[in-house]
Amino acid sequence: MGRCMSNLGQWKDRWVCIGGGTSGFGLLLAKEFALRGAKVAILGRNEGRGKEVAKELQKLSETEIRFFSVDLADAANVANSEWNAWAQSTQFAVAVAAAGQSDRGYVTAITDEELNQLWQANLLTALHFSQTCLPRLKAESGTLVHIGSLAGLLAKPGLGGYAIVKHALTAMSRQLRFEWAKEGIHVLLVSPGPMQRDDRNQRYNELVEAKHLPDELRKPAGGAKLKLIEPRWLCRRIIQAIERREKELVVPSKAKWLAGLGNLFPSWFDRFLKS
């Protein structure tokens, strides 16, 4: 994949807030903005981890880096958090909801507890984060970003409750896009396929073994034949999409057409997934 170019000066000294920014893809995105001179606020539940990450980010940039300990899945915790109080007097250029949790399994075997946990990790975190950040984006005609998944567009067998909650996130993002357009706020939904990870071949071992699932579900995307995405390239591509004010970013792009065809021709889509 080619390198995405960005207007580096555009981000200098502007605030970027990243929910779930202390690890994984959220942390990579935080680093990318810090390298562009943005002020970066990262949110996470683990205070010790968050402080370490903030120090790491500060080494990359002379701009301001802040960490806030907050449980985005808990509305009361968000309302009473130091982050919420700080956000009320801060203008954001970008707010990214990057927290999430994946899954493996079959719908008939999902327990209420499992689905509720996925609902909190993938949807409620994004909802509470968005409700706090949207008014703070208005002054800069800023961008709210939701990191979704191809599973929010295409429901492949064996993904447990993940596809269910990511479809809900897709719906919420699209609704917010319409509701806040009149305020000049840009809402970007990012729906990526599986990314390159050091633990990609072991990530789902525990789930697969505990639930006695097929071995193919150990693989990224549940064994779907998709090229793994280079995470830093995706970071740059997301920043480019923000600058261009794109509404939705689907990677790989061919999956966008596949999802559309699946809605029009569901029988064909079922045959395609089984092939």
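Fair warning: this is a prediction, and the values are worked out from it, not measured in the lab. (Residues numbered from 1 in each chain as written. Predicted model: local features only at pLDDT ≥ 70, side-chain atom pairs only at ≥ 80, totals over all residues. Heavy atoms only, no water.)

Q: Which residues make up the sheet that holds strand S3 (residues 65–69), and what values do they have?
A: The seven strands are arranged S3-S2-S1-S4-S5-S6-S7 in an open sheet whose pairing can be described as parallel. Each having just a single partner strand, S3 and strand S7 (248–251) make up the two edges of the open sheet. Ignoring which end each strand starts from, the neighbouring axes of this sheet average 15 degrees apart. Sheet topology note: the strand S1 (residues 15–19)/strand S2 (residues 39–44) ladder contains five bridges and is parallel. Across the sheet, Trp15 pairs through a bridge with Lys39, a residue of S2. Packing against the sheet, helix H2 (residues 47–58) makes contact with S2 and S3, and its axis sits at approximately 170 degrees to S3. (Pairing = 2+ DSSP bridges. Helix = DSSP H or I, 4+ residues; strand = E, 2+ residues; numbered from the N terminus. Axes fitted to C-alpha atoms, helices over the stretch in contact; angles between N-to-C directions. Contact = heavy atoms within 4.5 Å.)

Q: I'd like to hear about the pairing of strand S5 (residues 143–147), residue by residue, with values.
A: Of all the five residues making up S5, five are buried; the element is thus mostly covered by neighbouring parts of the structure. Neither face of S5 is left uncovered, since the one carrying Thr143, Val145 and Ile147 and the one carrying Leu144 and His146 both have all their residues buried. This β-α-β element, strand S4 (residues 92–97) to helix H5 (residues 112–137) to S5, shows right-handed connectivity. The pairing of S5 with strand S6 (residues 186–192) spans five bridges and is classified as parallel. Among the inter-strand pairings, Thr143 is bridged to a residue of S6, identified as His186. With respect to chirality, the unit in which S5 leads through helix H6 (residues 162–181) into the neighbouring parallel S6 is right-handed. (Buried < 20%, exposed > 50% of the residue type's maximum accessible area, 1.4 Å probe, protein only. Right-handed = clockwise from strand over helix to strand, strands pointing away.)

Q: Give me the lowdown on the packing of aromatic side chains, citing residues and values where you can.
A: Aromatic ring pairs are defined here through the distance separating the ring centres and the angle between the ring planes. In this structure the tally under the stated criterion is five aromatic pairs. Aromatic pair Trp15 and Trp86: ring centres 4.9 Å apart, planes at 80 degrees, arrangement edge-to-face. Taken together, the residues Trp15 in strand S1 and Trp86 in helix H4 (residues 82–87) connect sequence positions 71 residues apart. Residue classification places Trp15 among the buried residues on the basis of a relative accessible area of 10%. Measuring from centroid to centroid gives 4.9 Å for Phe68 and Trp86, while their planes differ by 35 degrees, and the two rings are tilted. Here Phe68, found in strand S3, pairs with Trp86, found in helix H4; they are 18 residues apart in sequence, far enough to count as distant. One exposure class covers both Phe68 and Trp86, and it is buried. (Phe/Tyr/Trp six-rings, centres within 6.5 Å; stacked < 30°, edge-to-face > 60°.)

Q: Can you explain the confidence of the model for the chain? Please cite residues and give values.
A: Of the residues in the chain, 93% have a pLDDT of 70 or more, and the chain-wide mean is 91. Every residue in residues 1–5 scores below 50 in pLDDT, and together they form nine contacts with partners more than four places removed in sequence or on other chains. (pLDDT = per-residue confidence, 0-100.)

Q: An account of a nonpolar patch on the surface is needed here, citing residue identities and associated values.
A: On the surface, Leu261, Leu264 and Phe265 cluster together into a nonpolar patch covering about 310 Å² of accessible area. Among the structural elements, Leu264 can be located in helix H9 (residues 254–264). (Patch = residues over 30% accessible without salt bridge, like charges linked within 9 Å, V, L, I, M, F, W, Y side chains within 5 Å. Areas by Shrake-Rupley, 256 points an atom, 1.4 Å probe, with all protein chains shown as cover. Salt bridge = Lys/Arg side-chain N within 4 Å of Asp/Glu carboxyl O.)

Q: Explain the nonpolar core to me, and be specific about the residues and the numbers.
A: The biggest cluster of nonpolar side chains holds 37 residues, and the ones touching the most others in it are Phe33, Val94, Val145 and Ile238. Contacts of Ile238, omitting those with residues within four sequence positions, involve Phe25, Val145, Ile147, Leu188, Val190 and Leu249. Among the nonpolar cores identified, the runner-up in size contains 26 residues, and Ala41, Ala95, Met172 and Val187 belong to it. (Core = buried A, V, L, I, M, F, W, Y, C linked by side-chain atoms within 4.5 Å.)

Q: Now, about the packing of helix H1 (residues 24–35) against H2: what can you tell me, with residues and values included?
A: Where H1 meets H2, the axes come as close as 10 Å, and the angle between the chain directions of the two elements is 30 degrees. Here H2 runs roughly parallel to H1, going by the angle between their axes. As H1 runs across H2, the sense of the crossing is right-handed. Taken together, the residues of H2 that come into contact with H1 (itself represented by Leu27, Ala30 and Lys31) are Arg49, Val53, Glu56 and Leu57. (Parallel < 35°, antiparallel > 145°, perpendicular 65-115°, else oblique. Left-handed = near helix turned anticlockwise from the far one by under 90°.)

Q: Help me get a handle on H1, residues and values and all.
A: With twelve residues, H1 extends 17 Å from end C-alpha to end C-alpha; this agrees with the ideal 16 Å at 1.5 Å per step. Buried residues dominate H1, accounting for nine of its twelve residues. Count one or two residues on from H1 and you reach Gly37, which has phi positive near 90 degrees. (Expected span 1.5 Å × (residues − 1).)

Q: Quick one: what's the story with unusual backbone geometry, residue by residue and with numbers?
A: Pro252 follows Val251 through a cis peptide bond whose omega is 0 degrees. Phi at Ser141 takes a positive value of approximately 45 degrees, unusual for a residue other than glycine.

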